[in-house]
Amino acid sequence: MIQIDGSCGEGGGQILRTAIALSLATLTPFTITRIRGNRKQPGLMRQHLAAVLAAARVGRADAPEAALGMTSLTFRPETVRSGRYHFNVGSAGSATLVLQAVLPPLLTADGDSELVLEGGTHNPFAPPFDFLDQTFLPLIRQMGPDVTAALVRPGFYPAGGGRFQVSVRPCRHLAPIDLRHRGAIRRIRARVAVARLPRHIALREIAVLRQDLSLQEEQLDIEEIGNSAGPGNIVTVTVESDALVEVFSGFGRRGVPAEDVAAKVISEVREYLAADVPVGRRLADQLLVPLALAGGGRFRTLPPSRHTLTNAHVIRQFLNVEIRMEDQGDGSWEVAISRRAGSPDAPAPA
């Protein structure tokens, strides 16, 4: 029984989701205490409870005490069952984060899976659906599984009500990937979406994006969403390079000028472009689990966040892998994952 301290490091919900995903993938039970111990409101919120219950269904797991507000949990999976699943957060909590808990074990399961997830799809506290679809899943497909996602209805914070579908055709073993070189920047595009909000908000954000990123008209797009359960605004910039597509997003909030929302995204894009790395901070965090399950891989990224460092700490407790993060001296860091010496079936990084 692995013992996890949910308040260690970053101390948020990622510790729980990573532990659940790896518990299922390795069929290893664990106990976690002080769940989300570094948050103003510790314990299981709706999206975290939804992740636990979803994983319990996929793994026929015993988690009898799971309830809102709980700060400790024991999780005992029996198996991993592929199949058709429908998971509903029941709030604007991120459905993409619920997917994090169940997707890794399904990537190498014994059959195809079809998932329907409901809740927040565009939430300021989680990777939006656009990042999942354009950045993360294409890299997962490079590792072997055929995983696709389709957005049925967006769900903005705080109304939620979003829905998306994920199809998983697994493979037997995940293949390591190497993302140390970004190559040339092929295209940069910016998109502003508004739902149940005045169009002038999007126009103001587009104006800032056009000027500060020196974008042309054909690189800019405005979408007015009509099937959202509530109001919302998202600014998205996609940077396509030889290596991958990175997605940077910012969300409109009451009391925050539209220009400031766009400016924050622009700042992240500029930092990424200046660093000449293929992998941004958010993607660095997301890649650790699949690469660790593959037993190897490398990528170059920006200085790792506390979130990423904490994620690596949890992974090391479940898998016999080395995760090395080294400062390259030029503002970039290289992350290398490999099986520890003596581990069976150690694949070499691609």
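The rules we used
- Residues numbered from 1 in each chain as written.
- Predicted model: local features only at pLDDT ≥ 70, side-chain atom pairs only at ≥ 80, totals over all residues.
- Heavy atoms only, no water.
- Helix = DSSP H or I, 4+ residues; strand = E, 2+ residues; numbered from the N terminus.
- Buried < 20%, exposed > 50% of the residue type's maximum accessible area, 1.4 Å probe, protein only.
- Contact = heavy atoms within 4.5 Å.
- Phe/Tyr/Trp six-rings, centres within 6.5 Å; stacked < 30°, edge-to-face > 60°.
- Lys, Arg positive; Asp, Glu negative; His and termini not counted.
- Salt bridge = Lys/Arg side-chain N within 4 Å of Asp/Glu carboxyl O.
- Expected span 1.5 Å × (residues − 1).
- Pairing = 2+ DSSP bridges.
- Axes fitted to C-alpha atoms, helices over the stretch in contact; angles between N-to-C directions.

### Regarding the environment of His307
- Among the structural elements, His307 can be located in helix 8 (residues 306-318).
- With relative accessibility at 26%, the residue His307 sits in the partly exposed group.
- A sequence separation of 73 residues divides His307 from Ile234, and the C-alpha atoms of the two residues are 23 Å apart.
- Each residue touching His307, except ones within four places of it in the same chain, is listed here: Glu10, Gln14 and Asp285.

### Looking at the packing of aromatic side chains
- The final tally for this structure, using the stated rule, is 6 aromatic pairs.
- Residues Phe30 and Phe318 carry aromatic rings whose centres are separated by 5.9 Å and whose planes lie at 80° to one another, so their mutual orientation is edge-to-face. Remark: Phe318 occurs in helix 8 and Phe30 occurs in strand 2 (residues 30-33); sequence separation between them is 288 residues. When sorted by exposure, Phe30 lands in the same class as Phe318, which is buried.
- Measuring from centroid to centroid gives 5.5 Å for Phe129 and Phe164, while their planes differ by 55°, and the two rings are tilted. Separated by 35 residues along the polypeptide, Phe129 in helix 4 (residues 129-142) and Phe164 in strand 7 (residues 162-169) bring together distant segments of the chain. Comparing Phe129 with Phe164, the two get one shared label, buried.
- The structure contains a cluster of three or more aromatic residues connected by ring pairs, namely Phe30, Phe75 and Phe318.

### Comments concerning the side chain of Asp285
- You can see Asp285 is positioned in helix 7 (residues 281-294).
- No salt bridge is formed by the buried Asp285, whose closest oppositely charged neighbour, Arg17, lies at an N-O distance of 6.8 Å.
- For Asp285, the residues in contact, after removing those within four places along its chain, are Gln14, His307, Thr308 and Asn311.

### Brief notes about the pattern of salt bridges
- Scanning the model with the defined rule gives 20 salt bridges in all.
- Between Arg163 and Glu118 there is a salt bridge, with the nearest N and O atoms lying 3.4 Å from each other. Linking Arg163 in strand 7 with Glu118 in strand 5 (residues 113-119), this pair joins segments that are 45 residues apart in sequence.
- Here Asp242 makes a salt bridge to Arg186, at a shortest N to O gap of 2.9 Å. Here Asp242, found in the loop between strand 11 (232-241) and strand 12 (245-251), pairs with Arg186, found in strand 9 (residues 185-195); they are 56 residues apart in sequence, far enough to count as distant.
- A residue is classified by how much of its surface remains accessible, and Asp242, at 40% relative accessible area, is partly exposed.
- Overall, the relative accessible area of 53% leaves Arg186 in the exposed class.
- In the salt-bridge network here, residues are joined through shared partners; they are Arg186, Arg187, Glu240 and Asp242.

### Overview of unusual backbone geometry
- Omega for the bond connecting Tyr157 with Pro158 falls within 30 degrees of zero, at 10°, which places this linkage in the cis form.
- Among the secondary structure elements, Pro158 is positioned in the loop between strand 6 (146-153) and strand 7.
- A positive phi angle is found at Ser214, which is not glycine, with a value near 55°.
- The exposure class assigned to Ser214 is exposed, which follows from its relative accessible area of 57%.

### Describing helix 3 (residues 95-106)
- The terminal C-alpha atoms of helix 3, which comprises 12 residues, lie 17 Å apart, in line with the 16 Å expected from a rise of 1.5 Å per residue.
- For helix 3, the tally of buried residues reaches 12 of 12 residues, placing the bulk of the element in the interior.
- Listed in full, the buried residues belonging to helix 3 are Ala95, Thr96, Leu97, Val98, Leu99, Gln100, Ala101, Val102, Leu103, Pro104, Pro105 and Leu106.

### Brief notes about the environment of Ala51
- Along the chain, the position of Ala51 falls in helix 2 (residues 46-59).
- For Ala51, a relative accessible area of 0% puts it in the buried group.
- For the pair Ala51 and Gly255, spaced 204 residues apart in sequence, the C-alpha separation works out to 32 Å.
- Those residues in contact with Ala51 that lie beyond four places of it in its chain are Ile20, Val98 and Ala101.

### Details of the pairing of strand 11
- Counting buried residues in strand 11 gives 9 out of 10 residues, a clear majority hidden from the surface.
- Bridge count for strand 9 against strand 11 is 10 bridges, and the pairing is antiparallel. Counterpart to Val194 in the pairing with strand 11 is Asn233.
- For strand 11 and strand 12, the ladder comprises 7 bridges, and the chain directions are antiparallel. Counted as the bridge partner of Val239 is Glu246 from strand 12.
- Counting the residues in the hairpin turn of strand 11 and strand 12 gives 3 residues.

### Description of the sheet that holds strand 1 (residues 2-5)
- The strand order across the open sheet formed by 3 strands is 1-2-3, and the pairing between neighbours is mixed. Two strands close off the open sheet at either side, each with one partner strand: strand 1 and strand 3 (73-75). Each strand of the sheet is rotated relative to its neighbour by a mean of 20°, with strand direction disregarded.
- Looking at chain direction, strand 2 and strand 3 are connected through 3 bridges and run antiparallel. Of the residues in strand 3, the one forming a bridge with Phe30 is Phe75.
- Packing of helix 8 onto the sheet brings it into contact with strand 1 and strand 2, and relative to strand 1 it is tilted by some 170°.

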